[in-house]
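Structure assessment
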Amino acid sequence: MDNIKITPPPVPNLILKFFLEKEDFCEFSGDIDEIYRYKIENESKWRAKTWYWFRVLESMPGIIKEISYWRAIMLKNYLKIALRNFLRHKGYSLINIAGFATGMAVCLLILIYVRHELSYDNYHEDGDRIFRIAQDIRTPTSNRVFAPIAPMVAPTLKADYPQVEQAARSLTTGSRLVRKKDTFFYEDRFMFADPELFDVLTIPFIQGNPQGALTRPNTLVISEKIALKYFGQDNPLGKTLEIDNDTYEITGIVVDSPENTHLKYDLMASMETLSDWEEMSNWHSTMFYTYLKVKPNVDVDEFAQQVTNLADKYVGAQLKKWGDSYHYFLQPVSSIHLHSHIRYEAEPPGNPQYVTIFSFVGLFILLIACLNFMNLSTARSANRAKEVGMRKVVGAKRLQLVAQFLGESLLIALLSLGLAIVITKFAIPFINNVTGIALDFNMLLNPANLIFLIGGSILVGLAAGIYPALVLSAFLPVVTLKGSLRSGSGGFALRNVLVVVQFAISVVLIISTLIMAKQFNFMKNQHLGFEKEQKLVIPLRGGISMQENYETVKNLFSGDASITAATVSSTVPGRGVSNFGIALVGEEDPKNQSMFHMYFDHDFVPSYGIEMVAGRAFQGDMSTDIAGAFLINEAAATAFGWSSPEEAIGKRLRTGAGGRVNPIIGVTKNFHYRGLQSHVEPIVMEYHPRMFRFLTLSVDISDIQQSLAFVQSQWKSMFPNHPFESFFLDTDFDRQYRSDEQVGRIFGIFTILGLFIACLGLLGLASFTAQSRTKEIGIRKVLGAAIPGIVIMLSKQFTKWVVLANGLAWPVAYVIMSRYLKNFAYRTQINILTFVLSGLLVLAIALLTVSFQSIRAATTNPVDSLRYE
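Throughout what follows, the structure given in this document is the object of discussion. (Residues numbered from 1 in each chain as written. Predicted model: local features only at pLDDT ≥ 70, side-chain atom pairs only at ≥ 80, totals over all residues. Heavy atoms only, no water.)

A closer look at the overall build of the protein
Heads up, the condition is: Secondary structure counts use DSSP, requiring at least four H or I residues in a row for a helix and at least two E residues in a row for a strand, with both numbered from the N terminus. Each residue is placed in one exposure class: buried if its accessible area under a 1.4 Å probe, protein chains only, is under 20% of its type's maximum, exposed if it is over 50%, and partly exposed if it falls in between. What makes two residues a contact is simply this: any of their non-hydrogen atoms within 4.5 Å. Only the protein chains shown count as covering a residue, and every accessible area follows the Shrake-Rupley method with a 1.4 Å probe.
Looking only at helices and strands, the protein has 26 helices and 24 strands in total. The buried share among the 869 residues of the protein stands at 50%. Considering only contacts within the protein whose residues lie at least 6 apart along the sequence, 79% involve residues at least 24 apart. Of the roughly 40,500 Å² of accessible surface on the protein, a fraction of 58% belongs to carbon and sulfur atoms.

A closer look at the pattern of salt bridges
Definition in use: A pair is scored as a salt bridge if a Lys or Arg side-chain nitrogen falls within 4 Å of a carboxyl oxygen belonging to Asp or Glu.
Scanning the model with the defined rule gives 25 salt bridges in all. A salt bridge links Asp-732 to Arg-575; the shortest N-O distance between them is 2.9 Å. One end of the pair, Asp-732, is in helix H21 (residues 729-734); the other, Arg-575, is in the loop between strand E15 (563-569) and strand E16 (578-585), and 157 residues separate them in sequence. By relative accessible area, Asp-732 is classed as buried at 7%. Given the relative accessible area of 35%, Arg-575 is considered partly exposed. Of the charged contacts in the structure, one is a salt bridge between Asp-732 and Arg-735, with a shortest N-O distance of 3.2 Å. Judged by its relative accessible area of 31%, Arg-735 is partly exposed. One salt-bridge network, held together by shared partners, links Asp-126, Arg-129, Glu-165 and Lys-293.

Focus: the environment of Ile-336
For Ile-336, the location among the structural elements is in helix H10 (residues 336-339). Taking the C-alpha atoms as reference, Ile-336 lies 9.8 Å from Ala-147; in sequence the two are 189 residues apart. For Ile-336, the residues in contact, after removing those within four places along its chain, are Arg-132, His-262, Gln-331, Glu-345 and Pro-349.

Observations regarding the side chain of Arg-541
Inclusion rule: We call two N or O atoms a polar contact when they sit within 3.5 Å, provided that within protein one can donate a hydrogen and the other can accept it, with sequence-adjacent residues counted only if both atoms are side-chain atoms.
Looking at where Arg-541 falls in the secondary structure, it is placed in the loop between strand E14 (535-539) and helix H17 (550-557). There is a polar contact of 2.9 Å between the side chain of Arg-541 and the side chain of Ser-175. In contact with Arg-541, other than residues within four places in its own chain, are Ser-175, Tyr-186, Asp-188, His-722 and Glu-725.

Some points on the nonpolar core
Most often, soluble globular proteins keep nonpolar side chains buried together rather than apart. What counts is decided by this rule: In this description, a nonpolar core means a group of buried Ala, Val, Leu, Ile, Met, Phe, Trp, Tyr and Cys residues linked to one another through side-chain atoms lying within 4.5 Å.
Grouped together as the largest cluster of nonpolar side chains are 136 residues, with contacts concentrated most on Phe-100, Phe-358, Phe-503, Leu-695, Leu-697 and Phe-750. Top element by residues in this core is helix H4 (residues 90-118). It accounts for 16 residues. Filtering out sequence-adjacent residues up to four positions away, Phe-100 remains in contact with Ala-369, Cys-370, Phe-373, Ile-412, Ser-416, Val-460 and Ala-464.

Points about helix H20 (residues 704-718)
Stated formally: To estimate the expected span of a helix, subtract one from its residue number and multiply by 1.5 Å. Throughout, the arc means the angular range of directions from the helix axis out to the C-beta atoms.
With 15 residues, H20 ought to run about 21 Å at 1.5 Å a step, and its terminal C-alpha atoms sit 21 Å apart, in line with that. Those residues of H20 not exposed but buried are Ser-707, Leu-708, Phe-710, Val-711, Gln-714 and Trp-715. Buried residues of H20 fall within an arc of 160° about the axis and therefore sit on the same side. In this structure, H20 carries Gln-705, Lys-716 and Ser-717 as exposed residues pointing more than 90 degrees from its buried face. The inward-facing, buried residues of H20 abut strand E5 (183-187), E14, H17, E15 and strand E23 (694-699).

Re the packing of H17 against H20
Filter applied, for reference: Angles run from 0 to 180 degrees between N-to-C directions of axes, and those axes are lines fitted to C-alpha atoms, restricted for helices to the stretch in contact. Take the far helix as the reference: if the near one is turned anticlockwise from it by less than a right angle, the crossing is left-handed, and if turned clockwise, right-handed. For this classification, the nonpolar set comprises Ala, Val, Leu, Ile, Met, Phe, Trp, Tyr, Cys and Pro, the charged set comprises Asp, Glu, Lys and Arg, and every other residue, Gly included, is treated as polar.
Where H17 meets H20, the closest approach of the two axes is 10 Å, and the angle between their N-to-C directions is 140°. Handedness of the crossing formed by H17 with H20: right-handed. For the pair formed by H17 and H20, the contact residues are Val-553, Leu-556 and Phe-557 on the first element and Phe-710, Val-711, Gln-714, Trp-715 and Met-718 on the second. Broken down by class, the residue content of the contact of H17 with H20 amounts to seven nonpolar, one polar and no charged.

Considerations on the packing of H4 against helix H13 (residues 398-435)
The condition is simple: An angle below 35 degrees is read as roughly parallel, one above 145 as roughly antiparallel, one from 65 to 115 as roughly perpendicular, and any other as oblique.
The N-to-C vectors of H4 and H13 enclose an angle of 50°; their axes lie 7 Å apart at closest approach. The angle between H4 and H13 places the two elements in the oblique class. Judged by the twist between their axes, the crossing of H4 over H13 is right-handed. In this structure, H4 contributes Asn-96, Ile-97, Phe-100, Ala-101, Met-104, Ala-105, Leu-108, Leu-109 and Ile-112 to the contact, and H13 contributes Ile-412, Ala-413, Leu-415, Ser-416, Leu-417, Leu-419, Ala-420, Ile-421, Ile-423, Thr-424, Ala-427 and Ile-428. Classifying every residue of the contact of H4 with H13 by side-chain character gives 18 nonpolar, three polar and no charged.

Points about the packing of aromatic side chains
Quick reminder of the rule: Whether two aromatic rings pair depends on their centres lying within 6.5 Å, for rings of Phe, Tyr and Trp, where Trp uses its six-membered ring; planes under 30 degrees apart make the pair stacked, over 60 edge-to-face, and the rest tilted. Each ring is checked for a lysine NZ or an arginine CZ that lies within 6 Å of its centre and within 35 degrees of its normal; such an atom marks a charge sitting over the ring.
Tallying each qualifying case throughout the model produces 28 aromatic pairs. Taking 6.4 Å as the distance between ring centres and 85° as the angle between the ring planes, the aromatic pair formed by Phe-530 and Phe-671 counts as edge-to-face. Of the two residues, Phe-530 sits in the loop between helix H16 (492-525) and E14 while Phe-671 sits in the loop between strand E21 (661-668) and strand E22 (683-686), which places them 141 residues apart along the sequence. Each member of the pair, Phe-530 as well as Phe-671, carries the same accessibility label: buried. With 6.0 Å between their ring centres and 70° between their planes, Phe-671 and Tyr-673 make a pair best called edge-to-face. The two residues Phe-671 and Tyr-673 agree in class, both being buried. Between Lys-229 and the ring centre of Phe-185, over which it is positioned, the NZ or CZ distance is 4.4 Å. The ring centre of Phe-727 lies 4.3 Å from the NZ or CZ of Arg-575, which sits over that ring.

Details of the sheet that holds E15
Put simply, the rule is: Two strands qualify as a pair provided DSSP detects at least 2 bridges between them.
Within the open sheet, the four strands sit side by side as E15-E23-E14-E24. Their pairing is antiparallel. At either margin of the open sheet sits one strand with a lone partner, and together these are E15 and strand E24 (727-728). Alignment of E14 against E23, held across five bridges, turns out to be antiparallel. In the strand pairing of E23, Leu-536 is matched with Leu-697. Sitting on the sheet, H20 touches E14, E15, E23 and E24, and the angle it makes with E14 is about 25°.

This is the structure we're talking about:
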């Protein structure tokens, strides 16, 4: 038995090793190992192991209590030392905390933005079973993908597919005039809806019954906001509102539409109201958003394959005759906002690229803050060297020192987190005001997010503090106590690298911001092929019809010298256009096309300054032009394969299935009726008074107030029961760039904050460099060195770092922004001037930051400098 090696049970032995210091472990385990060996030799192995486990567990309360006591004492001591260090070096502590807090605040703001974008429509119950069905219309020459589809799809899904639990339609019709006696407003969020919509989407009711609220014609469900607006504190249920001259009974009140949904609502009228409308049985219409909820455990991929060609059963022969096909596909409702960019979305979708870009920007800015902390901590290593040496002499282990310095780092991180939350709270209203995005601070306050923030700040503190902790804890006592350690020795090259990385990131952000701003200015100032300036546009809505009296209305508004022209149209550039199938008539190949469609009168082309390249524009004295002729643009002529615009004149076109057949009388030069994010696509234009919805007045802006007063007085005299609304076309057209501009503004704000953090670090390093060279500066001044020479000496190394950062950042910024600009059909050029200006700007800011400390050090009295330390 003596020759057999007896080892203690491994698990309790590891428990002892974990809780005890090495010396204590050796002493305690030596005693019980000896008894354990005796019991194995004289009793049984099983009894010996049982005793060993019992002895270890019996000792644990005392061990843990003693360890907890001493560790509490040490923790208290560490906190005292950390606070003393913060107070002794207020400047460095302030820079560290301010930099960390700013970096974290940027991350929190970006986190709120990203969470906001990702949260769209994820609040619906059974959200994984809810889909919108969209349509891909394929013709021999084109593909068109639509979000709204035919009204027959929803009832067909419910009747023909057992996988469907419920299906519902909504029809958004734009602004409507809503009236309650003498109170009337235009409301934009009006729609017709099936009652089943409340079974598919989560729309909580405050009053009324969801199952019966929209089952009868002319019934209406309103939001809480609308109820308060028109009825105050009265109960609206059972009362009526007049909408475009039709009366609706209010049968339900629902909570206000949340911001994070693609289908926003204020008033929902019953779809049954439209039951006699011929469009309700049209399989070729693209007007109705259609939502469905599948039953639990349905194979969604298999179901999607089954519904792809569902229209073939009903209109397959007709589609085959035209050479067209309809293909339907499912979109998870939670993916629509970021990942659906098809025609006629209910609202402008988000951009997943921006979510990715801002996520990286947040990480980069937080990285800058972490690099600041690492830089300053290692640069000031000599100030802690003697402390480390003394601790090691009196028995401190390296692991204990690492724990101490990491604890200080964590303390800074947690303090910074608290300050960052305060900054975020006060920054959000400013961000919302500047960008127009509705960010909500309360999104941070739910328990899951708070746990994430605290955990994240701990990880950031550990990541930023691990390198300085390892550097500081590695100092040798014999070197530090002799005072032989040079300030920041061993880390100079690394600090250079960290500063270069910081400023390289800042330069990339600045270049990106400038190029984004340049692109926005390019889009705003690019000639659009028509005159958008000095155009006052008045929407004609709320039941106003221009079919019979549009010329009279135009003449009344033209009765003032400040109104130089008037025209009416179905839409105006930037406000969206309809889309129809177009085919040649009388040709062997009809060349079925999908083209945009627009209606206007004979004054539109000259009023907007649109150039004709072939044929003529509509003329008021030719009655055959009214609903009897077409204009097309150059893109349409090219799409039909004509070699010149003149070749199009006299050709006949048919709009839609069984639509009007009219000749082409003119070809316009391409003009941008949509934003410059998209290419100019083919468009067909028609003179059709029944479709006129906008009045455009060309206004002399020399006395704009008088012109507006005249227009408003004329409106009130003609339409006293309709509120006056207007907008200037140039401002409204630029609205299409609002989301990109919002992103640009946010990007610019974060860029400034990132540069601020980098400059904070540079200020700290410059201060430390000047401090560490105090005696050298004093000697140089005694020997006759001039103040400018000393300033240049202290600033030179920082200048080299910033120049190198520019060299590294320029290629990266070029690649990133080249890819970004590809999102725009018409884009600005990237030129070297932008890069040079960014480089000079960063260099100037860096030199200004460094010069503050350099001049201060250079002007210090040499006597005081030589007495330093």
